[in-house]
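# Structural overview
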Amino acid sequence: MKRKIILVLVGLAVSILLLPFSSQAGEIDILVQKLVDKGVLSQGEAQQILTETKEEVRAQLAKGDMDTLPAWIRNMKLKGDFRLRYQYDDKDKDSVSGRNRGRIRYRLGIETDINDQVKVAAGLASGSSDPRSTNQTFQDTFSTKGINLDYAYVKYAAQPWLTLFGGKMIGKDILWEPTDLLWDGDITPEGGAAVLSKSVDNMDFFANLGFFPIDESSSASDEPYMGYIQPGVQIKLNDNTSLKGAVTAYTVQSAEYDIDNSAGTNTLVGSNHKYDYDAISPAFELGFSEPLGGVVPYFSLFGEYVKAFDPDDEDEGFAAGIKFGDKKVSSPGQWQIKYIYRYLERDAWLDALPDSDAYDGDTNVKGHEIQWTYGLSKNITFGLDYYYMQPIKTLSGISDHSLGSGNEQHVIQADLVFKF
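This text gives an overview of the structure that appears in the document. Model, not experiment: these values are computed from the prediction. Throughout, residues of each chain are indexed from 1 in the direction in which the sequence is written. Given that the model is predicted, a residue must reach a pLDDT of at least 70 before its local features are reported, and side-chain atom pairs must reach 80 or more before they are shown or counted; all residues, however, enter totals for whole chains, interfaces and linings. With hydrogens and water stripped out, all remaining heavy atoms of the structure feed into the side-chain values.

## Observations concerning the pattern of salt bridges
To keep things clear, this is the line we draw: A side-chain nitrogen of Lys or Arg and a carboxyl oxygen of Asp or Glu constitute a salt bridge if their distance falls within 4 Å. Whether a residue is buried, partly exposed or exposed follows from its accessible area with a 1.4 Å probe, protein chains only, as a fraction of its type maximum: under 20%, in between, or over 50%, in that order.
As enumerated under the stated definition, the model contains 13 salt bridges in all. We note a salt bridge from Lys91 to Asp89, for which the minimum N-O separation is 3.8 Å. Overall, Lys91 belongs to the buried group, its relative accessible area being 10%. Under the relative-accessibility criterion, Asp89 is labelled buried at 1%.

See the structure below:
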């Protein structure tokens with residue numbers, strides 16, 4: 001009976017004040033002491049009950065089980081990562097030889113379930129306004145570094161087979177891409193999207209579609225935009241083999257616009273893009289678990305192709321690669337090696353979107369990338385990434401059919417990544 005009295009009083013104090021438990025110690029102690037003064041409890045009983053009560057409340061807080069807190073707070077999740085990078089650049093195109101840089105990236109995300117169907121998420125990231133980079137370089141005499149809104153969106157599970165997104169979204173949630181030929185991984189598109197899915201036997205069908213404004217101006221009524229639809233399927237061929245494929249149809253209105261963050265490698269008329277970049281892009285990934293009797297945990301072949309319709313020439317691109325080792329690297333001793341060859345002609349795709357590490361995100365680029373990642377401990381990885389790139393055609397328009405003949409880019413990145 002005595003303990004019940006204490007628990008009721010403690011519960012009332014916590015629910016009324018709505019403060020963290022650590023700030024309640026004084027109030028709880030006062031309540032218990034008054035019961036001792038009135039002879040309800042002995043000093044020893046009070047101390048025992050006080051210790052047990054504090055431990056119980058602390059455990060409930062640790063598990064997020066305090067009913068006094070709103071459900072959206074109890075359901076809140078934090079996640080993030082920090083990357084420490086050394087980068088070496090040797091670029092003939094910029095007459096840069098032997099540039100050495102220290103760089104950091106910090107990202108912090110928060111998400112909460114508003115109810116069973118609605119989730120809101122937002123994230124901050126280091127970097128500048130460049131949508132293709134969240135890096136900050138060690139420079140400018142220890143200057144402070146910028147933090148920006150990286151993404152902020154709402155996710156609505158309208159039906160078991162339909163999820164709607166709106167806001168500034170994480171690209172991989174709304175569009176499947178096996179390589180970064182067309183989309184830099186740091187880009188977070190803005191607008192609305194829908195994800196549809198349906199499983200039938202050993203096949204998982206999906207369809208992604210969305211609409212993204214590219215720019216907005218108070219002085220114009222006709223603005224650049226992008227829309228897409230991506231039907232696809234993942235098939236489990238057997239216990240160890242799966243095939244995923246999709247075809248993406250894009251409509252990109254960019255002609256006669258000066259597109260922000262353009263690399264300047266598409267065909268221009270003055271400062272404006274000459275073409276729209278409506279395009280078709282099929283992609284696939286064929287994965288094998290424990291191939292060759294388990295020599296490696298995972299092996300896959302992947303690739304994608306793009307063809308733009310408005311340009312008359314230099315309008316195609318592709319990427320192809322292999323990946324082997326562990327499918328994901330998150331634990332100590334896990335490892336993965338990935339190789340990609342890419343070829344992206346001048347007007348195959350809008351030049352504001354490709355991977356910024358591959359020849360600074362230009363189009364009119366071909367070359368190789370090889371990446372190795374190793375798990376040092378849980379959620380800590382070390383990686384090496386090497387790019388060897390050059391233009392498909394020189395500035396004079398002459399086709400350059402072999403690497404090693406000038407205008408090459410060599411980039412080496414060594415990364416320590418900490419996830420939490």
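From this point on, the discussion continues.
## Remarks on the packing of aromatic side chains
Within a pair of aromatic rings, the relevant descriptors are the distance that separates the centres and the angle that separates the planes. In plain terms, the rule: When the centres of two rings from Phe, Tyr and Trp lie within 6.5 Å, Trp using its six-membered ring, the rings pair. Their planes under 30 degrees apart give stacked, over 60 give edge-to-face, and anything left gives tilted. For helices the rule is a DSSP run of H or I covering at least 4 residues; for strands it is a run of E covering at least 2, with both sets numbered from the N terminus onward. To sit over a ring, a charge needs its Lys NZ or Arg CZ within 6 Å of the ring centre and within 35 degrees of the ring normal.
This model, assessed by the stated rule, comprises 15 aromatic pairs. When the centroid spacing of 6.0 Å and the interplanar angle of 80° are considered together, the rings of Phe324 and Trp335 count as edge-to-face. With Phe324 in strand 15 (residues 316-325) and Trp335 in strand 16 (residues 335-344), the pair connects residues that are 11 residues apart, well separated along the chain. Its relative accessible area of 24% is what places Phe324 among the partly exposed residues. Residue Trp335 is classed as partly exposed on the basis of its relative accessible area of 26%. The interplanar angle of 20° and the centroid separation of 6.0 Å between the aromatic rings of Trp372 and Tyr374 together place this pair among those described as stacked. Here a set of aromatic residues connected by ring pairs shows up, and it is made of Trp183, Phe212, Tyr228, Tyr250 and Trp349. Note that Lys244 overlies the ring of Phe206, its terminal NZ or CZ placed 5.3 Å from the centroid.

## Describing the layout of surface pockets
This is how it is decided: Using a grid of 1 Å spacing that covers the protein atoms alone, one calls a set of points a cavity when a 1.4 Å probe fits there but cannot get out, and a pocket when the set is open and has protein on both sides within 12 Å along at least five of seven lines; lining residues are those with an atom within 4 Å of a point. Grid points are joined across faces, edges and corners, and a volume is the space filled by probe spheres set on the points. Polar here means any residue other than Ala, Val, Leu, Ile, Met, Phe, Trp, Tyr, Cys and Pro, which are nonpolar, and Asp, Glu, Lys and Arg, which are charged; Gly is therefore polar.
Of the voids in this model, the second largest pocket is the one considered here, and its volume is about 680 Å³. Lining the second largest pocket are 30 residues, with Pro131, Lys168, Thr188, Glu190 and Asn261 sitting closest to its centre. Elements supplying a minimum of two residues to the lining of the second largest pocket: strand 3 (118-126), strand 5 (147-159) and strand 8 (203-213). Counting residues per element, the lining of the second largest pocket draws most heavily on strand 5, which supplies three residues. Taken together, the residues of the lining of the second largest pocket break down into 14 nonpolar, eight polar and eight charged.

## Topic: the nonpolar core
We apply this condition: Here, the term nonpolar core denotes a set of buried Ala, Val, Leu, Ile, Met, Phe, Trp, Tyr and Cys residues that are joined through side-chain atoms within 4.5 Å. Note on contacts: a residue pair is in contact if any heavy atoms of the two residues lie within 4.5 Å.
Ranked by size, the top nonpolar core spans 35 residues in total, and within it Leu182, Trp183, Met226, Tyr250, Val306 and Trp349 carry the most contacts. Those elements that place two or more of their residues in this core are strand 5, strand 7 (190-200), strand 9 (225-238), strand 10 (241-253), strand 14 (298-308) and strand 16. In terms of residue count, the dominant contributor to this core is strand 14 (three residues). Discounting residues that sit within four places of it in the chain, Leu182 has contacts with Glu177, Tyr250, Ser281, Glu304, Val306, Leu344, Trp349, Leu353 and Pro354. Ranked by size, the runner-up nonpolar core spans seven residues in total, among them Val36, Leu41, Ala46 and Leu50.

## Re unusual backbone geometry
The phi angle at Thr141 is positive, at roughly 50°, despite the residue not being glycine. Along the polypeptide, Thr141 turns up in the loop between strand 4 (136-137) and strand 5. For Thr141, a relative accessible area of 71% translates into the label exposed. Positive phi, close to 65°, is recorded for Asp360, a residue that is not glycine. With respect to the element layout, Asp360 can be found in the loop between strand 16 and strand 17 (365-377). The exposure class of Asp360 is partly exposed, given its relative accessible area of 26%.

## Brief notes about the pairing of strand 19 (residues 409-419)
The condition is simple: In this scheme, strands are said to pair when DSSP sees at least two bridges between them.
Pairing analysis gives 11 bridges linking strand 1 (residues 77-91) to strand 19, with the strands arranged antiparallel. Paired with Lys91 across the strands is Gln409, a residue of strand 19. Relative to strand 19, strand 18 (residues 380-391) runs antiparallel, the two sharing 10 bridges. Residue pairing for strand 19: Leu384 is matched across the bridge by Ala414.

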